[in-house]
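# Descriptive structure summary
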Amino acid sequence: MSSYWLPTSIDGFLGEIKEASLLHFILEGFLVAGLIWFIFRKSYKSHNVHSLSKEEEEKIISEWIPEPLVASTPLDHPALKPLVVTGKAGHYIDVNGQRCLNLATHNYLSFVDKPQVEERAIESIRKYGVGSCGPRGFYGTVDVHLELEEKLAKFMGMEEACVYAYGFSTVASAIPAYAKRSDIIFVDEQVNFAIQKGLDASRSRICYFKHNDVKDLERLMLEFESEAIKNPRKAKVTRRFLVIEGIYMNTGNICPLPALLELAHRFKCRTILDENVSFGTLGETGRGVTEFYNVNREDVDLIVGSMEWALGSIGGFCVGSSFIVEHQRLSGLGYCFSASLPPLLTAAAMASLEEIEKNPGLLTALQEKCKLVHEALTNLSEFGFSLSGHVKSPVKHLYLINPPEDMEKHRCLLHDISQYCIKNGVAIVPASYLDHMEAHPHVPSLRITVNVDLTPGEVEATSKLLQKASSEFSLS
Amino acid sequence: MHVGGHGGANPNTTWLKSRGMWLSYILGILVLHLIILSVPILSVAMAWTVTNLIHNLCHLIFLHSLKGAPWIPQDQGDCRSLTHWEQIDDGTQFTKTRKFLFAAPIVLFLLTCFYTKNDTSHFIVNLISLVIVTVPKLPQLHRVRIFGINKY
């Protein structure tokens, strides 16, 4: 065994190193010099390093136009004449003191003013108080949350559900929990604003396909596939998602789910289905668009629903396999960092859900009413209105057949029609969008929502009123 | 799993800045060297070369090959394309941690040269391993993938 070599004297050391070649020393000298250079460099940030020249600075300063904190508002701005709703927004609604038939708020199954639901909420206040005091993972979980999750999962026939405190943030959190920067998302161009915010937050590459156009989606997917063949290593780490809505809030159409799922299966996409309108309205027992088309619910990876429309409460939920849903409990930002749903609203949602389970006749009644409204509004085509939306959809959009060229005038006209209807006892509102923030422009429309309590007489009266409005504003 | 509780979007590298890190690192190399030295068939020169090679292999794997973070950081997958070296101090160059990790293989190489008495075959092997771990540490090669190696 060799002993540890240590030079015993300077001569010994020099003697040893003389044996090595000169090249070694030159290289070692370079290394030492390089190391010293490295150690004495000042640190800097590798990106975002750009300094402006004097001229560029001047240019930017001269281009800046200061904006007043509060801009002057035109006197006819709608915000100056707000519609004030008093009391419950049930089948009838009081707008500015005028009693109106409610075709404006989403209350499809009339759970908003149902006494049973109200009682359960009041009972819950007596037991738990009003708030839940914290996020789900931080003292905010109450037994009713777990109970509701279990009920929802059972109702939808999936493994697990998680409940969010706010419908908007449900899908807006669920999408970025799974889709990350290097991923790609295929999405319908008419998806609602919450989905669009989720897409923004995901930082993924977004591919919009034409509304309900399976051919266009296939084209996009084939395009991506050819890209993937060119660069298989990149494609291997790119996850693909398909995001669709059951019933599109912005058009009232039902998605062609079987065809979409087939494509998703063919191109190995994970599917996220937003059922905010279709949950509790479509299918014989209200289980949504999957029941409507009778497709296997497990073929959809994640179903997102809202409890704010059909269930008449607040909040949203995701259902899927435990493996998928569990991920959100630590990665869904809206789930982790928002105070949980107040127990009273959880109890109310549960009461509504039980009602749907107990009484599937509600769904048939709603679908009949949808059909009734659809027929009544389709007949308005000779009065200058065209209707969009599926017969069974509780959300319908009325478009003007001959709208003014100017977008602003178009919107004003719809606003005036809405005001006219409200004055005459029917609450109808134009669909409102944040136009500058929407990914794709929406044609302005009047959005009609169907309520299960509508009577044929009321539908008839509404139709008559819109005919009158048509002649009032000379639409036809 | 999501990370939380400390405010950093990606805490994958902050531990490198913690107190006693440099001392632990040096002690780690020393322990590694002593273990190798205790293998009877290895000469001192061989032990130094093996120490150096293992050290550089660790740098290559953990600093320059593995990408991303072991948990889900709140950066929407920003760090998924970055090696650990590139994530250090959020990409700021010439920080203390970077200087230390840059100096470590060089100092170890010089020591190895010294203890192998500049033997040419040892020298060549050690130099190659040194080049492999120092070149990707240069700021000019930040986020650069030569020949697309380890790009995705």
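What you see is a predicted model; the values in this text were computed from it and never measured. (Residues numbered from 1 in each chain as written. Chains lettered and ligands numbered in written order. Predicted model: local features only at pLDDT ≥ 70, side-chain atom pairs only at ≥ 80, totals over all residues.)

Counting its secondary structure elements, chain B contains five helices and one strand. Across its three principal directions, the C-alpha atoms of chain B cover 50 × 35 × 25 Å. Within chain B, buried positions represent 25% of all 152 residues. The long-range share in chain B, meaning contacts at least 24 apart out of those at least 6 apart in sequence, stands at 65%. (Helix = DSSP H or I, 4+ residues; strand = E, 2+ residues; numbered from the N terminus. Buried ≥ 20, exposed ≤ 12 C-beta atoms within 10 Å, placed from the backbone. Contact = placed C-beta atoms within 7 Å.)

Another point: the overall build of chain A. What chain A contains, in helices and strands, is 18 helices and 16 strands. Radius of gyration (C-alpha) of chain A: 30 Å, far over the 23 Å computed for a compact globule of 476 residues. Considering chain A as a whole, with its 476 residues, one finds that 40% of them fall into the buried category. Taking all contacts inside chain A whose residues are at least 6 apart in sequence as the whole, residues at least 24 apart take part in 70%. (Rg over C-alpha atoms; globule rule 2.2 N^0.38 Å.)

As a further point, take the interface of chain B and chain A. Between chain B and chain A, the contact holds 31 residues from the first and 33 residues from the second. Per-element accounting of the side of chain B that touches chain A gives the leading share, eight residues, to helix α4 (residues 96–115) of chain B. The residue makeup of the side of chain B that touches chain A, split by class, is 15 nonpolar, 11 polar and five charged. Inspection of the sheet shows strand β1 (residues 44–45) of chain A paired to strand β1 (residues 92–93) of chain B by two bridges, in the antiparallel sense. In the sheet register, Y44 of chain A faces β1 of chain B, and the bridge partner there is Q93 of chain B. (Nonpolar A, V, L, I, M, F, W, Y, C, P; charged D, E, K, R; others polar. Pairing = 2+ DSSP bridges.)

As a further point, take the pairing of strand β3 (residues 92–95) of chain A. Residues and elements named next belong to chain A. Where strand β2 (residues 85–86) lies against β3, two bridges are found, and the strand directions are antiparallel. Residue pairing for β3: V85 is matched across the bridge by V95. As consecutive antiparallel partners, β2 and β3 are separated by five residues, and within that stretch G87 has a phi angle of approximately 80°, a positive value. Bridging between β3 and strand β4 (residues 98–102) involves four bridges; their strand directions are antiparallel. If you follow D94 over to β4, its bridge partner there is R99. The antiparallel pairing of β3 with β4 creates a hairpin that spans two residues between the two strands, and N96 there sits at a positive phi of about 50°.

Moving on to the nonpolar core. I175 and V243 of chain A are the most contacted members of the largest nonpolar core, which totals 114 residues. With nine residues, helix α15 (residues 343–358) of chain A is the largest single contributor of residues to this core. Once residues within four sequence positions are removed from consideration, I175 of chain A is found in contact with I195, G198, L199, S202, V243 and I272 of chain A. L108, C113, F123 and L130 of chain B belong to the second largest nonpolar core, which has six residues in total. (Core = buried A, V, L, I, M, F, W, Y, C linked by C-beta atoms within 7 Å.)

All names here are of chain A. As summarised here, the arrangement of the seven strands in space is β5-β11-β10-β9-β8-β6-β7, forming an open sheet in which the pairing is mixed. Both edges of this open sheet fall to β5 (160–164) and β7 (205–209), since each of them pairs with a single strand only. When the angles between neighbouring strand axes are averaged without regard to direction, this sheet yields 20°. Sitting on the sheet, helix α13 (residues 322–331) touches β5, β10 (302–306) and β11 (316–320), and the angle it makes with β5 is about 25°. (Axes fitted to C-alpha atoms, helices over the stretch in contact; angles between N-to-C directions.)

Moving on, we get to the UniProt feature "transmembrane region" (unreviewed entry) in chain B. Here the UniProt feature "transmembrane region" (unreviewed entry) sits at residues 22–48 of chain B. Here residues 22–48 of chain B runs as 78% helix and 0% strand, with 20 Å between its end C-alpha atoms. (UniProt positions renumbered as here; feature names shortened; annotations may be inferred.)

Unusually for a residue other than glycine, R203 of chain A sits at a positive phi of about 65°. Along the chain, R203 of chain A falls in the loop between α8 (193–202) and β7. Accessibility expressed as a C-beta count within 10 Å gives 17 for R203 of chain A, which makes it partly exposed. Backbone geometry at Q76 of chain B places phi at a positive 55°, although glycine is not the residue there. The residue Q76 of chain B is located in the loop between α2 (44–64) and α3 (84–87) in this model. We classify Q76 of chain B as partly exposed; it has 19 C-beta atoms within 10 Å.

Take the sheet that holds strand β15 (residues 429–430) of chain A next. Hydrogen bonding along the main chain pairs the strands of a sheet, whether they run parallel or antiparallel. All names here are of chain A. Pairing within the open sheet is antiparallel, and its four strands lie in the order β12-β13-β16-β15. Two strands lie at the open edges of the sheet, namely β12 (385–388) and β15, each paired on one side alone. Where β12 and strand β13 (residues 395–400) come together, four bridges link them in antiparallel fashion. The residue of β13 that forms the bridge with F385 is L400. Together, β12, β13 and β16 (446–449) form the strand contacts of helix α16 (residues 361–378), whose direction differs from that of β13 by roughly 5°.

As a further point, take the packing of helix α9 (residues 214–230) of chain A against helix α11 (residues 257–266) of chain A. Residue and element names in this part refer to chain A. Where α9 meets α11, the closest approach of the two axes is 10 Å, and the angle between their N-to-C directions is 10°. Here α9 lies roughly parallel to α11, going by the angle between them. Contacts between α9 and α11 involve V214, L217, E218 and M221 on the former and, on the latter, A259, L260 and L263. Split into classes, the residues belonging to the contact of α9 with α11 amount to six nonpolar, no polar and one charged. (Parallel < 35°, antiparallel > 145°, perpendicular 65-115°, else oblique.)

UniProt annotation of "domain: Aminotransferase class I/classII large" (unreviewed entry) refers to residues 100–459 of chain A when read in the numbering used here. Secondary structure across residues 100–459 of chain A comprises 45% helix and 16% strand; the distance between its end C-alpha atoms is 13 Å.

Residues and elements named next belong to chain A. Where helix α4 (residues 115–128) contacts α15, the axes come no closer than 8 Å and their chain directions differ by 145°. Handedness of the α4/α15 crossing: right-handed. Mapping the contact onto sequence places Q116, V117, R120, A121, E123, S124, I125 and Y128 in α4 and P343, L344, A347, A348, A351, S352 and E355 in α15. Along the lines of polarity and charge, the residues of the contact of α4 with α15 split into nine nonpolar, three polar and three charged. (Left-handed = near helix turned anticlockwise from the far one by under 90°.)

A separate point is α2 of chain B. In a regular helix each residue adds 1.5 Å, so 21 residues correspond to 30 Å; α2 of chain B covers 29 Å between its end C-alpha atoms and thus fits that length. In the core, the buried residues of α2 of chain B are packed alongside α1 (21–37), α3, α4 and α5 (120–134) of chain B. (Expected span 1.5 Å × (residues − 1).)

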